[in-house]
Amino acid sequence: MRILHLISGGDGGAASSRVLSLLAGLKTTEDVRLACLSDGSLAGEARARGIPVLVLQGSRSAAVKQLTKTVQTEGVELLHCHDLNASRVGCLVGKRANVPTVSTVYSQPEFDCGGGLLAALKRESRELRALRRVDFRICAAQAVADALHEHGFDPNRSFVLADDDPAKQKEIYDTVLRRTARAAARERDGVLICGAFGKGNSGDNAILQAMVQTIRDLDPDMPIYATTRSAGKTAREAEVGAVHTFCLWRIRGRMKKTALYLSGGGSLIQDVTSNRSLWYYLYSIRMAKRCGNHVMMFGCGIGPVRRKANRRLAAHVIQKYVDRITLRDNASARELERMGIHGVPTRVTADMAFLVRPASEERVEQFCADCCVQGRIDLSERMLILAPRPWEGTDRHLADFAAAARHAARTYGLRPVLLAIEPKKDRGVCERIAALAQEQGGIQCPVLEAPKDASAVVGLLRRVDAVLGMRLHALIFAAAQGTPFAGVSYDPKVAGFVEYIGQGHCCSLEQVSAERLCAMVDGLMQASREEFRASARRLRALASENCEEALGLIQ
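Residues numbered from 1 in each chain as written. Predicted model: local features only at pLDDT ≥ 70, side-chain atom pairs only at ≥ 80, totals over all residues. Heavy atoms only, no water.

Caption draft 1: Just the packing of helix α15 (residues 398-412) against helix α20 (residues 514-526), in detail. Running from N to C, α15 and α20 cross one another at 40°; their axes reach a closest spacing of 8 Å. Taken together, α15 and α20 sit at an angle that is classed as oblique. Note on packing geometry: the crossing formed by α15 with α20 is right-handed. On α20, the residues that touch Asp 400, Phe 401, Ala 403, Ala 404, His 407, Ala 408 and Tyr 412 of α15 are Ala 514, Leu 517, Cys 518, Val 521, Asp 522 and Met 525. The residue makeup of the contact of α15 with α20, split by class, is 10 nonpolar, 1 polar and 2 charged. (Axes fitted to C-alpha atoms, helices over the stretch in contact; angles between N-to-C directions. Helix = DSSP H or I, 4+ residues; strand = E, 2+ residues; numbered from the N terminus. Parallel < 35°, antiparallel > 145°, perpendicular 65-115°, else oblique. Left-handed = near helix turned anticlockwise from the far one by under 90°. Contact = heavy atoms within 4.5 Å. Nonpolar A, V, L, I, M, F, W, Y, C, P; charged D, E, K, R; others polar.)

Structure, rendered in structure tokens:
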């Protein structure tokens, strides 16, 4: 591989020493050369280490002309820039010579400014503009990558390399060349995922993380983008290109470039949240298809769609614009049949949240220490997780949940823990149940807020004895780890999931009583964990087939 490294030629500094170290390591296996925009000690040191050096003379335009000729005549495959001026020159040369450009970013642009506020703003603007013009970016630290993603840089074109390991650097070069060739060979490429992401619900964010990880396992070079309520955070946490949910003109622009549109997972086709929510997702499906994408409803739940006009609209859009459907339960398949949808290839698989990988024991311990907002959790204790949520009728049954917590503690020696899957909504309900358990029976129930990183929640649920919850994703996370669970159904999706998995027990919110919840705790403690584990293995395999079905549309 023939790589040309470009630097201004400044003497000293961390960037210069790192460049020399990197070139010294690469030259043993690759054909590397250093080009400097000015002569100095850096060029001299490079020559002393046996690295070929080209010093560019004259103005910037002259340097661009000379470097372009060098790249073309010597067959350079990739141009690697190492500072602001080098990036400016490099992107011009790359476009003229038709070679990919890479720029290493050594520090966060917003913190690398001096000379007062106005000078800082101008410098940041220049640096960000230069970085946007290069094809790929290599960040010297994860914090640098996070800052760039917050600025709207595409994570699909960013890498993190915290040291000057030549082997890792070569892997990045190989990836850059591979992705560049792929982009040149395909008129459209990439996938846009549309879902309820960036709203603070760890379950929905977990679906995105699982989708991204599984797609990248199957196709590591696939560009992935997502719609989200929090573009900067989603880009940073999921490492995908992010577009705000309601920035429709940007979404449409992205759809004109991608090849595949995935609507899901989760329950997007429903009008319980609002009519507007359903209309938005249906409109997005239609827009994606009209922009030339293959469209798939992906590992999703269907319904309830209660209004007749909404049912007719949903049936029309799905029938006309959707190419393939995978569903997370049989109840969703029955709902599609009742809506009159036929002829669209449909499979029942499993929710993508089954593929969220549990965090390490150290990460789970840190999660319990950092996110326990009431009480204290000792991971050596046996635990029952309760995951309630606010809903119409929940307030009437808070004492019943508290009774189940007391029963678990007194009868089985379990520590009841209240888990707020969506902290902003669930924490109040969790704290009220914990207070009732304390007042009525002297049982202390810690309250735990789920972090954005769902893998920590999964890691916790993997080690507890049982889960009793209203939140669907608490039940899914438990089921995925073979942990016995029981559900309280406030929405058909909860009962549908429990029915589909064939394990666990479920009752409706209207049927809840202290006696019934205590009996469900008894059932959980008598359940066979091995049967739950066998079911988990089956459903994880089905969940992975969602992505195989999706990529099958475009490969």
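Caption draft 2: Quick look at the sheet that holds strand β15 (residues 372-374). Sheet architecture is open: 7 strands sit in the order β15-β18-β17-β16-β19-β20-β21, paired in mixed fashion. Either end of the sheet is taken by a strand with one partner, and the two such strands are β15 and β21 (505-508). Averaged over all neighbouring strand pairs, the angle between strand axes comes to 25°, with direction disregarded. Summarising the sheet, strand β17 (residues 415-420) and strand β18 (residues 447-449) pair through 3 bridges and their orientation is parallel. Paired with Ala 420 across the bridge in β18 is Glu 449. In this fold helix α18 (residues 472-480) packs onto β16 (383-387), β19 (466-469) and β20 (485-489), with an angle of close to 160° to the strand it touches most, β20. (Pairing = 2+ DSSP bridges.)

Caption draft 3: Representation of the packing of aromatic side chains. Across all of its chains, the model carries 7 aromatic pairs by this definition. Residues Phe 246 and Tyr 280 carry aromatic rings whose centres are separated by 5.7 Å and whose planes lie at 75° to one another, so their mutual orientation is edge-to-face. Of this pair, Phe 246 sits in the loop between β10 (241-244) and α10 (248-255) while Tyr 280 sits in helix α11 (residues 275-290), and the two are 34 residues apart along the sequence. Among the residues examined, Tyr 280 registers a relative accessible area of 12% and is labelled buried. Clustering of aromatic rings is evident, with ring pairs tying together Phe 354, Phe 485, Phe 497 and Phe 532. Lying over the aromatic face of Phe 153, Arg 132 brings its terminal NZ or CZ to 4.2 Å of the ring centre. Seen from the ring of Phe 136, Arg 157 lies directly overhead, with NZ or CZ sitting 4.7 Å from the centre. (Phe/Tyr/Trp six-rings, centres within 6.5 Å; stacked < 30°, edge-to-face > 60°. Buried < 20%, exposed > 50% of the residue type's maximum accessible area, 1.4 Å probe, protein only. Lys NZ or Arg CZ within 6 Å of the ring centre and 35° of its normal.)

Caption draft 4: Region of interest: the pairing of strand β8 (residues 191-194). A two-sided burial pattern is seen for β8, the buried positions comprising Val 191 and Ile 193 on one face and Leu 192 and Cys 194 on the other. Inspection of the sheet shows β8 paired to strand β9 (residues 224-228) by 3 bridges, in the parallel sense. Bridging from a neighbouring strand, Val 191 pairs with Ile 224 of β9. With helix α8 (residues 202-218) bridging β8 and the parallel β9, this β-α-β connection has right-handed handedness. (Right-handed = clockwise from strand over helix to strand, strands pointing away.)

Caption draft 5: Molecular detail of unusual backbone geometry. In this structure, Gly 265 follows Gly 264 across a cis peptide bond, with omega equal to -5°. Within the element layout of this structure, Gly 265 appears in strand β11 (residues 260-269). Of note, the bond from Gly 303 into Pro 304 is cis; its omega dihedral lies within 30 degrees of zero at 0°. Inspection of the secondary structure assignment puts Pro 304 in the loop between β12 (294-302) and α12 (308-321).

Caption draft 6: How the structure looks around the sheet that holds strand β2 (residues 31-36). Read from one edge of the open sheet, 7 strands run β3-β2-β1-β4-β5-β6-β7, paired in parallel fashion. Each edge of the open sheet is held by one strand with a lone partner, namely β3 (53-55) and β7 (158-160). For this sheet, the mean angle separating the axes of adjacent strands, direction not counted, is 25°. Relative to strand β4 (residues 78-81), strand β1 (residues 2-7) runs parallel, the two sharing 4 bridges.

Caption draft 7: Quick look at the nonpolar core. One finds Ile 193, Leu 262, Phe 354, Leu 460, Leu 468, Phe 485 and Phe 497 to be the most contacted residues of the largest nonpolar core, which totals 104 residues. At 8 residues, α18 tops the list of elements feeding residues into this core. If near-sequence neighbours (up to four positions away) are discounted, Leu 262 is found in contact with Val 191, Leu 192, Ile 193, Cys 194, Met 211, Ile 215, Met 296, Phe 298 and Ala 550. Listed in part, the 36 residues of the second largest apolar core include Tyr 225, Cys 291, Ala 314 and Ala 315. (Core = buried A, V, L, I, M, F, W, Y, C linked by side-chain atoms within 4.5 Å.)

Caption draft 8: Just helix α3 (residues 60-74), in detail. Under the 1.5 Å per step criterion, the end-to-end length of α3 is 21 Å for 15 residues, consistent within 8% with the ideal 21 Å. Within the sequence span of α3, burial applies to Ala 63, Val 64, Leu 67, Thr 68, Thr 70 and Val 71. The buried residues of α3 occupy one face: seen down the axis, they fall within an arc of 165°. α3 presents Ser 61, Lys 65, Lys 69 and Thr 73 as exposed residues on the side facing more than 90 degrees away from its buried surface. Contact partners of the buried residues in α3: β1, β2, β3 and α4 (84-97). (Expected span 1.5 Å × (residues − 1). Arc of directions from axis to C-beta.)

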